[in-house]
Amino acid sequence: MTDSRNASLFPSVEMLRRLVAFPTVSRDSNLELIQFVRDYLKPHDADVRLTHDDGKRKANLFATLGPRGEPGIALSGHTDVVPVEGQAWDTDPFTMVEKDGRLYGRGTSDMKGFIACVLALVPEFMERGLKSPLHIALSYDEEVGCLGVGRMISDLRLAGVGPRACIVGEPTEMRPVIAHKGKTGYRCTVRGLAGHSAYAPRGVNAVEYAAEAVALLKNLARRHRDQGPYDRAFDVAHTTIHTGVIRGGTALNVIPHECTFDFEFRCLPGDDPDRLLHEFRDYVRTRLEPEMRAVHAAAGFIIEPLSANPVLDTRPEAEVVALAQELSGSSEIGKVSFGTEASQFHEAGIPTVVCGPGSILQAHKPNEYVELDQIMRCEAFLRRLADRICEKA
Ligand SMILES: [Zn+2]
């Protein structure tokens, strides 16, 4: 194949192949990948800061290239990927495969494609001579609730090296995104009282009370769907509420003494998750627990937070928005329902947009892929950034 879409002509494709080969599933270490990036950046005189998780099995990497002492533009991505267990892949998820203009492999769209483009173009940025700093920010544990990036941001605060703007390369098909919903997750444990099911009224059936609580969440979800508030710029225009996991009971003839379920609120900017949680708690406290406790005083609900990622709500007039529009050649400014680390940069006062190759529709699935065309567009985006921040045209 000699046409211009020959994958081997694009340095990012080779880099993506290397990154996919690190099986950085969130539960496992990402240190080999981080070490690879650190070594890769070494000849380019990068300042590299690592921040680790408590177990020192995972690390964030924040690199500064080019001039020091002034804030630069940060290009950011997470290094972890979602698991592949239980998914029917046609090929090995950790060996990138090119086929029909697509690059298959775990993380190709979410989001090693962007990281590969950024790393592959570092030699070009350096060759062309950076006039202002370029930061590369790689995080761990994004897929399990954006847990890693906070440590990087606190470290940058302490070190006084905050970027002046940030582009997070989550898959948006290279369209700039300025807002996303906030996500808060909770675990609810229902404690009941076990017994023989023939004597059901003498026990407290944790599964049944959990079901009533889940049904309330479903009704809250319906209310938001039917009554808003709405922001039509989002692909799902209202706040959503969802229960994702439920576990409880041991046998049909045993009254279940415990049931656990996990639920989340994905709120529009302006919608308050605490208000929703309050409504949920109130229902549990006034409608369910009195009946449970009439049978068994220790029965009841325990609600614990699992994760909280704030909204992204960058002002359309922010400089970084115009920059992303110019670099992507897209005047669109999108809003998306999925969460990203962009909101944490945003909360830290760093103007941030999301813009990266691939589609979120291909993320987290078997046979995840990114189109070669998306990689080409991301490279073009970064070369236009080089036009802005490098000496040589
Ligand atoms: Zn992602």
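For the structure, see preceding data.
The rules behind the values
Residues numbered from 1 in each chain as written. Predicted model: local features only at pLDDT ≥ 70, side-chain atom pairs only at ≥ 80, totals over all residues. Heavy atoms only, no water. Helix = DSSP H or I, 4+ residues; strand = E, 2+ residues; numbered from the N terminus. Rg over C-alpha atoms; globule rule 2.2 N^0.38 Å. Buried < 20%, exposed > 50% of the residue type's maximum accessible area, 1.4 Å probe, protein only. Contact = heavy atoms within 4.5 Å. Areas by Shrake-Rupley, 256 points an atom, 1.4 Å probe, with all protein chains shown as cover. Lys, Arg positive; Asp, Glu negative; His and termini not counted. Charge placed at Lys NZ, Arg CZ, Asp CG, Glu CD. Pairing = 2+ DSSP bridges. Axes fitted to C-alpha atoms, helices over the stretch in contact; angles between N-to-C directions. Polar contact = N/O pair within 3.5 Å; in protein donor to acceptor, adjacent residues only side chain to side chain. Parallel < 35°, antiparallel > 145°, perpendicular 65-115°, else oblique. Left-handed = near helix turned anticlockwise from the far one by under 90°. Nonpolar A, V, L, I, M, F, W, Y, C, P; charged D, E, K, R; others polar. Donors = N, O, S within 2.8 Å, 3.2 Å for Na, K, Ca; no water. Tetrahedral: all angles 85-135°; square planar, octahedral: opposite > 155°, others 65-115°. Expected span 1.5 Å × (residues − 1). Arc of directions from axis to C-beta. Core = buried A, V, L, I, M, F, W, Y, C linked by side-chain atoms within 4.5 Å.

Caption draft 1: Region of interest: the overall build of the chain. Each helix and strand in the chain was counted, giving 9 helices and 18 strands. Since a compact globule built from 393 residues should have a radius of gyration of about 21 Å, the 24 Å found for the chain is in line with a globular shape. Seen through its C-alpha atoms, the chain measures out along the principal axes to roughly 80 × 45 × 40 Å. Sorting the 393 residues of the chain into buried and exposed places 52% on the buried side. By sequence separation, contacts in the chain at least 24 residues apart represent 81% of the contacts at least 6 residues apart. Of the roughly 17,600 Å² of accessible surface on the chain, a fraction of 51% belongs to carbon and sulfur atoms. Side-chain charges of the chain comprise 46 positive and 54 negative groups, with the mean position of each set lying 2 Å from the other.

Caption draft 2: Structural context of the sheet that holds strand β13 (residues 258–267). With antiparallel pairing, the 4 strands of this open sheet are ordered in space as β11-β13-β9-β14. Each having just a single partner strand, β11 (240–248) and β14 (300–309) make up the two edges of the open sheet. Along the sheet, successive strands turn relative to each other by an average axial angle of 20 degrees, direction set aside. Helix α5 (residues 206–227) contacts β9 (182–191), β11, β13 and β14 of the sheet and is inclined by roughly 10 degrees relative to β13. Contacting β9, β11, β13 and β14, helix α6 (residues 273–295) runs over the sheet at an angle of about 165 degrees to β14.

Caption draft 3: Layout of the sheet that holds strand β18 (residues 369–371). Judged by pairing direction, the sheet is antiparallel, and its 3 strands sit side by side in the order β4-β5-β18 without closing on themselves. The open sheet has two edge strands, β4 (97–99) and β18, and neither has a second partner. When the angles between neighbouring strand axes are averaged without regard to direction, this sheet yields 25 degrees. Strand direction decides the pairing type here: strand β5 (residues 102–104) and β18, joined by 3 bridges, are antiparallel. Each residue of the ladder has a partner; that of Tyr104, found in β18, is Tyr369. Contacts from helix α3 (residues 108–128) reach β5 and β18 within the one sheet, and its direction differs from that of β18 by about 55 degrees. Each of β5 and β18 is contacted by helix α9 (residues 372–389), which is oriented at about 60 degrees to β18, the strand it contacts most.

Caption draft 4: Quick look at the side chain of Asn205. You can see Asn205 is positioned in the loop between β10 (195–196) and α5. Overall, Asn205 belongs to the buried group, its relative accessible area being 18%. A distance of 3.0 Å separates a polar side-chain atom of Asn205 from the backbone nitrogen of Glu208.

Caption draft 5: Structural detail: the packing of helix α1 (residues 11–20) against α3. For the pair α1 and α3, the least separation of the axes is 8 Å and the interaxial angle reads 125 degrees. Between α1 and α3, the angle is such that the two are oblique. The two elements α1 and α3 meet at a crossing, and its hand is right-handed. In this structure, α1 contributes Pro11, Ser12, Met15, Leu16, Leu19 and Val20 to the contact, and α3 contributes Thr108, Lys112, Gly113, Ile115, Ala116, Cys117, Leu119, Ala120 and Leu121. Among the residues making up the contact of α1 with α3, the classes are represented as 11 nonpolar, 3 polar and 1 charged.

Caption draft 6: Region of interest: unusual backbone geometry. Following Asp110, the chain continues into Met111 via a peptide bond in cis, with omega recorded as -10 degrees. Along the polypeptide, Met111 turns up in helix α3. With an omega of 0 degrees, the peptide bond running from Gly228 to Pro229 counts as cis. For Pro229, the position within the fold is in the loop between α5 and β11. With phi around 55 degrees, Asn367 is a residue other than glycine that occupies positive phi space. Looking at the secondary structure, you find Asn367 in the loop between β17 (352–354) and β18.

Caption draft 7: Geometry of the coordination of the zinc ion. Only His78 (NE2), Asp110 (OD), Glu170 (OE) and Glu170 (OE) from the protein reach the zinc ion as donors, at distances of 1.8 to 2.5 Å. Its 4 donor atoms give the zinc ion angles of 54 to 140 degrees at the centre, a pattern that matches the irregular case. Each donor residue of the zinc ion belongs to the same chain, with the gaps between them written as H-x31-D-x59-E. Of this pair, His78 sits in strand β3 (residues 73–78) while Glu170 is found in the loop between β7 (165–168) and β8 (177–180), placing the two residues 92 residues apart along the sequence. Like His78, the residue Glu170 is buried in the burial classification.

Caption draft 8: Representation of α5. Under the 1.5 Å per step criterion, the end-to-end length of α5 is 31 Å for 22 residues, consistent within 8% with the ideal 32 Å. Taken as a whole, α5 has its buried residues at Ala206, Tyr209, Ala210, Ala213, Leu216, Leu217, Leu220, Ala221 and His224. Each buried residue of α5 lies within a common arc of 140 degrees when the element is viewed along its axis, so the set occupies one face. In this structure, α5 carries Glu208 and Gln227 as exposed residues pointing more than 90 degrees from its buried face. Residues of α5 that are buried make contact with β9, β11, β13, α6 and β14.

Caption draft 9: Inspection of the nonpolar core at higher detail. Ranked by size, the top nonpolar core spans 61 residues in total, and within it Leu41, Phe125, Ile136 and Leu382 carry the most contacts. Counting residues per element, this core draws most heavily on α3, which supplies 11 residues. Residues in contact with Ile136, not counting those within four places in the same chain, are Leu41, Leu61, Phe62, Ala63, Leu65, Leu75, Val118, Leu119 and Val122. Counting 28 residues, the second largest nonpolar core, distinct from the first, contains Tyr209, Leu220, Phe263 and Ala299.

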